[in-house]
Amino acid sequence: MPAPGTTTDKYIACAAVVPDCPFEATAQTEEELLKMVIAHAEHTHGITEVTPELAAKVKAAIQNRTQ
Ligand SMILES: [Zn+2]
């Protein structure tokens, strides 16, 4: 288990992919974060297919946040 204060989360702001979208998400793993982003994209943006281009954009927008 990581010591307190050394947790690194994955963070994404949807605005990095879709301008002006206020959605943000954090998760402990990239897989978990991608699931949240894809669910949001389907629900809010009507995106039903994640193309390789979109996946690349999303992955490029993911940041590490150390707490
Ligand atoms: Zn969005």
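A few points on the structure. In this text, all values refer to a predicted model and were calculated from it rather than measured experimentally.

### A look at the sheet that holds strand 2 (residues 24-27)
Now for step 1: The strand order 2-1-3 describes an open sheet built from 3 strands, whose pairing is antiparallel. Among the strands making up the open sheet, the edge pair consists of strand 2 and strand 3 (63-66). This sheet shows a mean twist of 30° between the axes of neighbouring strands, independent of strand direction.
Now for step 2: Pairing of strand 1 (residues 8-13) with strand 3 involves 4 bridges; the strand directions are antiparallel. Across the sheet, residue D9 finds its bridge partner in strand 3, namely R65.
Now for step 3: Together, strand 1 and strand 2 form the strand contacts of helix 1 (residues 30-45), whose direction differs from that of strand 2 by roughly 150°.

### What about unusual backbone geometry?
Now for step 1: The backbone of D20 shows a phi angle near 75°, a positive value even though the residue is not glycine.
Now for step 2: Structurally, D20 can be placed in the loop between strand 1 and strand 2.

Cut-offs and rules
Along each chain, residues carry numbers from 1 onward, in the same order as the chain's sequence is written. Selection of residues for local features in this predicted model requires a pLDDT of at least 70, selection of side-chain atom pairs for listing and counting requires 80 or more, and totals for whole chains, interfaces and linings are taken over all residues. Two strands qualify as a pair provided that DSSP identifies no fewer than 2 bridges between them. Helix and strand assignments follow DSSP, with helices taken as H or I runs no shorter than four residues and strands as E runs no shorter than two, numbered in order from the N terminus. As a rule, the C-alpha atoms of each element are fitted with a line to give its axis, helices using only the stretch in contact, and angles between N-to-C directions run from 0 to 180 degrees. Residues are treated as contacting if the C-beta atoms built from their backbones sit within 7 Å of each other.

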